[in-house]
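Architecture at a glance
For reference, the chains in residue letters:
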Amino acid sequence: MIRLHHVGGSRSFRILWLLEELGLEYEIRHWRLDDGSTRAAEFLALSPTGRVPALEIDGLAIFESAAIVQYLCERHPQSGLAPSPGTALRARWLEWLGFAETQAAILEQLNIQHIFLRPAEARSPVLMKLLARRLAATMQVPEAALAGQETLLQSGFSAADVMLGFNLPAVFRFVRAEGFPQLAAYGARMARRPAYQRALARAGEDRLYTRDFYEVPDV
Ligand SMILES: N[C@@H](CCC(=O)N[C@@H](CS)C(=O)NCC(=O)O)C(=O)O
């Protein structure tokens, strides 16, 4: 039995997408981040900081998206979504898994600054600008890696693309795509994958973003 604990538009989409890439059967339990339910004991038993994703699988509960991705890939080595442990390619794959979270953490700070912080005076345009620059710096890395290849690893599509690919629609809400042609094309390629589309159809509403682009307000 596989049950994904999911919030629309959140990092749990990575797991939803990966489950579709793996062709596994699973159920989804939908949660909201704005009704206190992820702070209840029932959810904290699955994910002690009250964050999604959490995955129940054969009696085990796992949190942290990169850990879940690694675990699912280990259970399904035949999927080819992760290079073999101990190889140089595996080192690159693991780097991308961690890197995707480095980038997601900056996105989270941008979300806090542009969307969640109340009252609006508590927001800092200086910090917004700094965070957008830090985000752009992370974007340079896959931009360079993708020159001449379609996926993060030269060997082809892997779960690293799922980890990073999830970030991209959000990334381009804070940094314009113009300076990042490889990354923008890659994002569009990932979104065209049938498994991505199937995941999107089951994902539920993304309530976070109401604008295509979040400008830093003038100070
Ligand atoms: N490093 C964790 C981060 C999980 C995380 O922060 N998830 C967000 C949604 S994208 C969340 O649940 N936030 C709710 C909260 O912070 O209370 C992972 O990759 O799973």
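In this text the structure is predicted, and so the values were computed from the model without any measurement.

**Some details on the overall build of the protein chain**
Scanning the protein chain from N- to C-terminus turns up eight helices and four strands. N-terminal to C-terminal, the α/β element order of the protein chain is β-α-β-α-β-β-α-α-α-α-α-α. The C-alpha atoms of the protein chain give 17 Å as radius of gyration, which agrees with the globular expectation for 219 residues (17 Å, within 12%). Dimensions of the protein chain, computed from the C-alpha atoms along their principal axes, are close to 55 × 50 × 30 Å. Expressed as a percentage of its 219 residues, the buried residues of the protein chain come to 48%. Long-range pairs, those at least 24 residues apart, make up 69% of the contacts in the protein chain between residues at least 6 apart in sequence. Entry remark: accessible area of the protein chain is about 11,000 Å², with carbon and sulfur atoms responsible for 54%. For the protein chain, the centre of its 24 positive side-chain charges and the centre of its 24 negative side-chain charges are spaced 3 Å apart.

**Comments concerning the site of the ligand**
In the neighbourhood of the ligand, 13 residues make up the surrounding shell, with Arg39, Arg51, Glu64, Ser65 and Glu101 lying closest. Taking Glu101, its side chain carries an N or O atom lying 2.8 Å from a nitrogen atom of the ligand. Against a free-state accessible area of 510 Å², the protein chains account for coverage of 82% of the ligand.

**What to know about helix H6 (residues 159-171)**
Think of an α-helix as turning once every 3.6 residues; residues three or four places apart then point the same way. Helix length check: H6, at 13 residues, gives a terminal C-alpha distance of 19 Å against a target of 18 Å (1.5 Å per residue), a fit within 8%. Across the 13 residues that make up H6, a large majority, 12, are buried. When we look at burial in H6, the residues that qualify are Ala159, Ala160, Asp161, Val162, Met163, Leu164, Gly165, Phe166, Asn167, Leu168, Ala170 and Val171. The secondary structure elements touched by the buried residues of H6 are helix H1 (12-22), helix H3 (65-75), helix H4 (88-116), helix H5 (125-145) and helix H7 (181-192).

**Focus on the environment of Gly36**
For Gly36, the position within the fold is in the loop between strand E2 (27-30) and helix H2 (41-44). Here the alpha-carbon distance between Gly36 and Gly50, two residues 14 residues apart in the chain, equals 9.6 Å.

**Here's the deal with the sheet that holds E2**
Taking strand neighbours across the sheet as the criterion, the four strands line up as E2-E1-E3-E4 in an open arrangement whose pairing is mixed. The outermost strands of the open sheet, each flanked by one partner alone, are E2 and strand E4 (60-63). Taken pair by pair, the neighbouring strands of this sheet meet at an average axis angle of 20 degrees, ignoring direction.

**Observations regarding the side chain of Glu21**
Its place among the elements puts Glu21 in helix H1. Of the polar contacts made by the side chain of Glu21, one reaches the side chain of Trp17; its length is 2.8 Å. Side chain to side chain, Glu21 and Arg193 meet in a polar contact 2.8 Å long. Once residues within four sequence positions are removed from consideration, Glu21 is found in contact with Leu81, Phe157, Arg193 and Ala195.

**A closer look at the side chain of His76**
Relative to the helices and strands, His76 resides in the loop between H3 and H4. Among residues more than four places away in sequence, those in contact with His76 are Leu22 and Leu24.

**Some remarks on the nonpolar core**
By size, the foremost hydrophobic cluster in this structure holds 60 residues, and its most contacted members are Trp17, Leu18, Leu19, Leu55, Val69, Leu72 and Leu135. Mapping this core onto the domain boundaries places at least three of its residues in each of domain 1 (2-79) and domain 2 (88-193). Residues in contact with Trp17, not counting those within four places in the same chain, are Phe157, Asp161, Val162, Gly165, Phe166, Met190, Arg193, Ala195, Tyr196 and Ala199. Among the nonpolar cores identified, the runner-up in size contains six residues, and Trp31, Phe43, Val52 and Ala54 belong to it.

What counts as what
Residues numbered from 1 in each chain as written. Predicted model: local features only at pLDDT ≥ 70, side-chain atom pairs only at ≥ 80, totals over all residues. Heavy atoms only, no water. Helix = DSSP H or I, 4+ residues; strand = E, 2+ residues; numbered from the N terminus. Rg over C-alpha atoms; globule rule 2.2 N^0.38 Å. Buried < 20%, exposed > 50% of the residue type's maximum accessible area, 1.4 Å probe, protein only. Contact = heavy atoms within 4.5 Å. Areas by Shrake-Rupley, 256 points an atom, 1.4 Å probe, with all protein chains shown as cover. Lys, Arg positive; Asp, Glu negative; His and termini not counted. Charge placed at Lys NZ, Arg CZ, Asp CG, Glu CD. Near = heavy atom within 4 Å. Polar contact = N/O pair within 3.5 Å; in protein donor to acceptor, adjacent residues only side chain to side chain. Expected span 1.5 Å × (residues − 1). Pairing = 2+ DSSP bridges. Axes fitted to C-alpha atoms, helices over the stretch in contact; angles between N-to-C directions. Core = buried A, V, L, I, M, F, W, Y, C linked by side-chain atoms within 4.5 Å. Domains from an automatic or database assignment.

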